[in-house]
Amino acid sequence: MGSMPIPNGFLAKENLRKPEPRYPLGVMVCKSCWLMQLTHIIPPDLMFRNYLYIPSTSTTMLKHFESMADSLVQDLKIKPGSLVIDIGSNDGTLLSFFKNQEMKVLGIDPATNLVQIANLKGIETIGDFFNKNVAIRIAKQRGKAALITGTNVLAHVDNIHEVCEGIKLLLGDGGVFVAEFPYLADLLRKNEFDTIYHEHLSYFSLGPLITLFNKHQLVIYDIKKLPTHGGSIRIYVAKKSAKKPIQSIVKDFVREEKFKKLYTIAPYEEFARRVGIIKRDLVSYLKQLRAQGKRIVGYGASAKGNVLMNYCGIDTKLLDYVVDSIPYKQGRYTPGTHIPIFPETRLKTHRPHYALLTAWNFEEEILLKQIAYRERGGQFIITIPYLRIE
Ligand code: JHZ
């Protein structure tokens, strides 16, 4: 996909003229375990130490985290007073729902700005990347965890073996590690090429993950499919020594992956071909609208939006501005394409003809929110899973 700026590298006005580093963005698959992964890695400190993304700003994710906490406490029979640890805990929202159920909670996140917010909210959070030493320290000070969670973080780590060793070390004997991440089969089938970016080092299907956890005497014993982020899965992982019965859904997923030929190169090459067509059609459509004098803006200053715009060469020649609900992004500029970011209210005053929905994973929530804009004739351009107007 060419070279890209840092996916969440939003710029302040005074930095627009400064050199902006770009990094090659590409993915490859391992022909032995079929793990899809980035070709080039950006140092995590550059991406995650000051982080402007806060999932809890969307009601979709807020509801998701609440029901996740409820179902895990219930299904895993986690007793009040148990230790629940969240890796990549962001502003502590998920943990706040466990705390409401009288769990002892602890977060770990490298983002200094978000760790501050979480601690101010009373969610104890360690400002660091999760690794074996952090795990040893926590186990010594706080004991073992009944539950360790990681939402949209496992795919972000480079030292994945060390993270597995840390999880194994920190889990109580009957403890469970629950991870959520976008599912590769959905990414390929629904052409979600804009979710390929430097924060996402791995693109998981079940086959490679079973191989990974096996190396660490850990086992995936259950799976849930989720609608979040264009199609995700939640995996339940325990120590082999805990002898948890493996649910048949695990075998079903592997069978399905074989049926979809995910352990051959074909679906990956097919995907690459389709992405080229979506890119061509989107750019020519936007240019056509522009030539007709239409005002077009972006909706959602998302990391995936930055990938889409940099990959397709969409900048201020095609979009007047981008709107976003996260206050930390407003007043800044999109990385690489340098499009100004405004609050969503600008749609009311400026009244663009079209809004390119870069936050397509929140289509339902946003189209509902913007009913008035649509009733006044405003239209959304959506690229995933194919180009359409709503
Ligand atoms: P959203 C982030 O990706 C980064 P991004 C990360 N690497 C990851 O894996 C996924 O999340 C999970 C805005 N918005 O969630 C808020 C509105 O303006 O697709 C966000 O900036 N109005 C961790 O950045 C953006 O859209 C709204 O009503 O691609 C959505 O970003 C809503 C609902 C959202 O994640």
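Being a predicted model, the structure only gives us computed values, none of them experimental. (Residues numbered from 1 in each chain as written. Predicted model: local features only at pLDDT ≥ 70, side-chain atom pairs only at ≥ 80, totals over all residues. Heavy atoms only, no water.)

**So, the site of the ligand**
Taken together, 26 residues lie near the ligand, and Tyr53, Glu199, Lys304, Asp324 and Lys369 sit nearest. Residue Tyr53 places a side-chain N or O atom 2.7 Å away from an oxygen atom belonging to the ligand. Within the contact set of the ligand, an oxygen atom lies 2.6 Å away from a side-chain nitrogen or oxygen of Asp324. Residue assignment for the shell around the ligand shows that the elements contributing at least two residues are helix 11 (303-312) and helix 13 (363-369). (Near = heavy atom within 4 Å. Polar contact = N/O pair within 3.5 Å; in protein donor to acceptor, adjacent residues only side chain to side chain. Helix = DSSP H or I, 4+ residues; strand = E, 2+ residues; numbered from the N terminus.)

**Some words on the nonpolar core**
One finds Phe98, Phe213 and Ile235 to be the most contacted residues of the largest nonpolar core, which totals 123 residues. When residues of this core are assigned to their parent elements, the largest contribution, nine residues, is made by helix 10 (residues 266-291). Sequence-distant contacts of Phe98, that is, excluding residues within four places in its chain, are made with Ala69, Leu72, Val73, Val84, Met103, Val105, Leu147 and Thr149. One finds Ile6, Met47, Phe48 and Leu114 within the second-largest nonpolar core, a separate group that totals nine residues. (Core = buried A, V, L, I, M, F, W, Y, C linked by side-chain atoms within 4.5 Å. Buried < 20%, exposed > 50% of the residue type's maximum accessible area, 1.4 Å probe, protein only. Contact = heavy atoms within 4.5 Å.)

**Considerations on the pattern of salt bridges**
Applying the stated criterion across every chain yields a total of 18 salt bridges. When the shortest N-O distance is used, the salt bridge between Lys121 and Asp91 registers 3.7 Å. You can see Lys121 sitting in the loop between helix 4 (112-120) and strand 7 (125-127) and its partner Asp91 sitting in the loop between strand 5 (83-87) and helix 3 (93-99), a full 30 residues away along the chain. The network of salt bridges with common partners includes Asp186, Arg189 and Lys225. (Salt bridge = Lys/Arg side-chain N within 4 Å of Asp/Glu carboxyl O.)

**Description of the side chain of Thr358**
Structurally, the position occupied by Thr358 is in the loop between strand 16 (354-357) and helix 13. Among the polar contacts made by the side chain of Thr358, one reaches the main-chain carbonyl oxygen of Gly300 at a distance of 2.3 Å.

**Digging into the domain arrangement of the protein chain**
As far as domains go, the protein chain holds domain 1 (32-259) and domain 2 (282-389). Contact residues are listed per partner, giving 19 residues for domain 1 and 16 residues for domain 2. Summed over both partners, the interface of domain 1 with domain 2 buries about 1,700 Å², with 68% contributed by carbon and sulfur atoms. Contact with domain 2 buries surface across domain 1, with Leu52, Phe193 and Asp194 losing the most and accounting together for 36% of the total. Sorting elements by how many residues they give to the side of domain 1 that touches domain 2 places helix 2 (residues 59-75) first, with three residues. The residue makeup of the side of domain 1 that touches domain 2, split by class, is eight nonpolar, eight polar and three charged. (Domains from an automatic or database assignment. Buried area = accessible area lost by both parts, 1.4 Å probe. Nonpolar A, V, L, I, M, F, W, Y, C, P; charged D, E, K, R; others polar.)

**Here's the deal with the sheet that holds strand 3 (residues 27-29)**
In space, the three strands of this open sheet follow the order 3-4-10, with antiparallel pairing throughout. The open sheet has two free edges, formed respectively by strand 3 and strand 10 (202-203), since each of these has just one partner strand. For strand 4 (residues 36-38) and strand 10, the ladder comprises two bridges, and the chain directions are antiparallel. When the bridges of strand 10 are listed, Met36 appears paired with Tyr203. (Pairing = 2+ DSSP bridges.)

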